[in-house]
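The chain contents come next:
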Amino acid sequence: MKRSSSGGVREHWEELVKTAAQVEASTLGAYEPARAGFTWEAARGELDGLPGGHGLNIAHEAVDRHAAGPRREHLALRWIGRHGDVRDFTYQALAEWSNRCAGALTVLGLRKGDVVAVLAGRIPELYIAALGILKAGGVFCPMFSAFGPEPVQARMRIARARVLVTTTSLYHRKVEPIRSDLPDLEHVLLVRDGDGPIDVPGAHDFGERLAAADTRFVIPPTDPEDPALLHFTSGTTGRPKGALHVHEAVVAHHVTGRLALDLHPDDVFWCTADPGWVTGTSYGIIAPLTNGVTSIVDEGDFDAERWYGILRDQRVTVWYTAPTAVRMMMKMGTALAQQYALPHLRFLASVGEPLNPEAVMWGVEAFGLPFHDNWWQTETGGIMIANFASMPIRPGSMGRPLPGIDVGIVRRTASGVEEIDDPDVEGELALRQGWPSMFRGYLHDEARYRACFAGGWYLTGDLARRDRDGYCWFVGRADDVIKSSGHLIGPFEVESALMEHPAVAEAGVIGKPDPVALEVVKAFVALKSGYAADEALRRSLLAFARQRLGAAVAPKEIDFLPTLPKTRSGKIMRRLLKARELGLPEGDLSTLEPL
Ligand code: AMP
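Criteria and thresholds
Residues numbered from 1 in each chain as written. Predicted model: local features only at pLDDT ≥ 70, side-chain atom pairs only at ≥ 80, totals over all residues. Heavy atoms only, no water. Salt bridge = Lys/Arg side-chain N within 4 Å of Asp/Glu carboxyl O. Helix = DSSP H or I, 4+ residues; strand = E, 2+ residues; numbered from the N terminus. Buried < 20%, exposed > 50% of the residue type's maximum accessible area, 1.4 Å probe, protein only. Near = heavy atom within 4 Å. Polar contact = N/O pair within 3.5 Å; in protein donor to acceptor, adjacent residues only side chain to side chain. Pairing = 2+ DSSP bridges. Contact = heavy atoms within 4.5 Å. Axes fitted to C-alpha atoms, helices over the stretch in contact; angles between N-to-C directions. Domains from an automatic or database assignment. Parallel < 35°, antiparallel > 145°, perpendicular 65-115°, else oblique. Nonpolar A, V, L, I, M, F, W, Y, C, P; charged D, E, K, R; others polar.

How do you make sense of the pattern of salt bridges when you look at a structure like this?
If charged atoms from side chains of opposite charge come close, those side chains can pair. Tallied over the entire structure, the rule returns 48 salt bridges. Asp 88 is the partner of Arg 78 in a salt bridge, and the nearest nitrogen-oxygen pair spans 2.7 Å. Note that Arg 78 is positioned in strand 1 (residues 75–80) and Asp 88 in strand 2 (residues 86–90), a separation of 10 residues in sequence. We classify Asp 88 as partly exposed; its relative accessible area is 40%.

Could you clarify how one ought to interpret the site of the ligand in this entry?
Taken together, 17 residues lie near the ligand, and Asn 374, Gln 377, Thr 378, Arg 477 and Lys 483 sit nearest. Asp 373 is positioned with one of its side-chain polar atoms (N or O) 2.9 Å from a nitrogen atom of the ligand. One of the side-chain nitrogen or oxygen atoms of Gln 377 is found 2.8 Å away from an oxygen atom of the ligand. Contributing elements (two or more residues each) for the shell around the ligand: strand 14 (371–375) and strand 23 (472–477).

Teacher, can you tell me more about the sheet that holds strand 14 here?
What holds strands together in a sheet is hydrogen bonding between their backbones, with the strands either parallel or antiparallel. An order of 2-1-11-10-12-13-14-15-16 is seen for the nine strands of this open sheet, with the pairing classed as mixed. Since the sheet does not close on itself, it has two edges, and those belong to strand 2 and strand 16 (400–401), each with one partner. Each of strand 1 and strand 2 touches helix 6 (residues 91–107); the most contacted strand, strand 2, lies at about 90° to it.

What is the right way to look at the domain arrangement of the chain in this model?
Accessible area lost when the parts come together is the quantity often used to give the size of an interface. What the domain assignment lists for the chain is domain 1 (79–245), domain 2 (406–478) and domain 3 (482–582). Centre-to-centre, using C-alpha coordinates, domain 2 lies 29 Å away from domain 3.

Where do I start with the side chain of Lys 522 in this structure?
Tracing the backbone shows Lys 522 in strand 27 (residues 518–527). According to the relative accessible area criterion, Lys 522 is buried, its value standing at 3%. A distance of 3.3 Å separates polar atoms of two side chains, one belonging to Lys 522 and the other to Glu 557. Here Glu 581 takes part through its side chain, which lies 3.1 Å from a polar atom of the side chain of Lys 522. Apart from residues no more than four positions distant in its own chain, Lys 522 is found in contact with Gly 508, Val 509, Ile 510, Lys 512, Glu 557, Asp 559 and Glu 581.

Can you walk me through the packing of helix 13 (residues 304–313) against helix 14 (residues 323–332) in this structure?
Each pair of packed helices can be described by the angle between their axes along with the distance between the axes. Orientation of helix 13 relative to helix 14, taken along the N-to-C sense of each, is 105°, at an axis distance of 10 Å. As far as their axial angle goes, helix 14 and helix 13 are roughly perpendicular. Every residue of helix 14 that contacts helix 13 at Ala 304, Trp 307 and Tyr 308 is listed here: Ala 325, Met 329 and Met 332. When grouped by side-chain class, the residues that make up the contact of helix 13 with helix 14 number six nonpolar, no polar and no charged.

Just to check I follow, could you spell out the pairing of strand 2 for this structure?
Strand residues, when the strand is regular, have side chains that alternate between the two faces of the sheet. Both strand 1 and strand 2 contribute to a ladder of five bridges, which runs antiparallel. Across the sheet, the residue bridging to Trp 79 is Arg 87, located in strand 2.

I tried to follow the side chain of Glu 248 on my own but got confused; where do I start?
Summarising the element assignment, Glu 248 is placed in the loop between strand 9 (241–246) and helix 11 (249–259). Ignoring any residue separated from it by four or fewer positions in sequence, one finds Glu 248 in contact with Leu 56, Pro 224, Glu 225, Pro 436 and Arg 440.

Quick question: what am I supposed to make of helix 12 (residues 278–290) here?
Buried residues dominate helix 12, accounting for 13 of its 13 residues. Downstream of helix 12 by a residue or two, Gly 292 has a phi angle that is positive, lying close to 75°.

The structure is reproduced here in structure tokens:
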């Protein structure tokens, strides 16, 4: 497909219909037969299992099985530093480094099932740690490095993390202020990111520990149901939820990487997501490695020219990114993209938020390729719905269910759920329970976990509709969680932090629509008597929230209100705040507390 400078969605529409050759070259092939012929058991057969029949371990499938075979010297991971320095890891090297890490953790007394939190930017040590933790029987719990001390503390406490891997500077900024509130934390492993020595009493030097460890490590027997990954996500109310995944999830990571991202063994794959979020782990670490491809990791932040440079210089073939990034690139203009020769690029995919049809088609203008939207969430562990390489794209649609995944559009009823069979009718998106990467619990929160299931369905909390041909269309969230730059943010967490400010009596937080980030966090605050609602206080509240929550979670805007609208039972009506903010009809106010 040629790049075009004229723009226009309709002009290219027909090009999105696939040719027979494209269908043949894709990993899925024709959709219907692929779906009919698929079983999870057969998918499991694509993986090796631990030698001697000792179970299934994600890290073995990701690195060791390649390191033991002909792909030993194949480039597994190319890391590009913020300043352009490069570090390469073959499968063999990655196997050895992760062995060292597993050995070092074992020496520290890591027990099976212990949670190891990792708070780091996209540095090589993060990837080594993730694989080492999985080898040693630990549970890898990544935390986004742009979190402030409060989100870090909340998550580490729920996780009861015994070990933390982080950098010296992140430790000082984010962990030191809350260290005394982490009673379960026994060991801190620090990656030096300054010149000085490790200056935290009792902490271990990650680099030294690994240097002293053996390059060999025998992964202990691992049951496919052993916990492996803990990803935090947010709900409308209450604390963050720790979604627990098991080693068996690797079957879905592997197969979805192959089928939905169309990974072939010689691909150079770039997933731009940060491993602090689920995409950056499932598709930034695991799926590319199990599929034996070369994975690019960029430490730097978003910068359109930097990104185009990486696509070109690294000869990226498959690129997985997020709608916010696509929209930011669109803003920089098509001409900029067209300055870069990208003959290797062949497949573009996107996830995390709705991808507008204009963005799908902008891919054609800018790269000669459309973006393929796909859908999943922290709880599903892997891609569930996708526009496949072999299938005509319907711009604006999330695509069709993966083989092995049954999607339903359902309505909640007093006794459970009822399925909506008619096409194009809106309901809650549900998935038939039981795929390998389905989360196995919210850690220490059985009631919230159980509430996600009814009648054999996992209820996703998203509203969607399905057309006659089985393509799914995202409608919105059924709850109040906020999606900003692809990251899910719980309003309750933001409200709680604001409430800690002495001037704040009440706080209500919403997602305010934004043309690039989808939503930005906006807070409404009612003050205690004696405080003046002025600009100085607004600025001080913004700074207060940012310092506690970190840039990724803190509100970007704060408005003062004399009082916040509440239900008769005292719950702040975020929906009403949002409707008023947007000038929309206020809906049913029968439960509104009389003022
Ligand atoms: P997370 O658990 O942080 O990955 O967020 C999952 C949520 O992001 C989903 O429940 C959706 O609300 C949203 N989401 C993910 N992918 C898409 C997509 N392709 N289109 C629309 N929304 C999406």
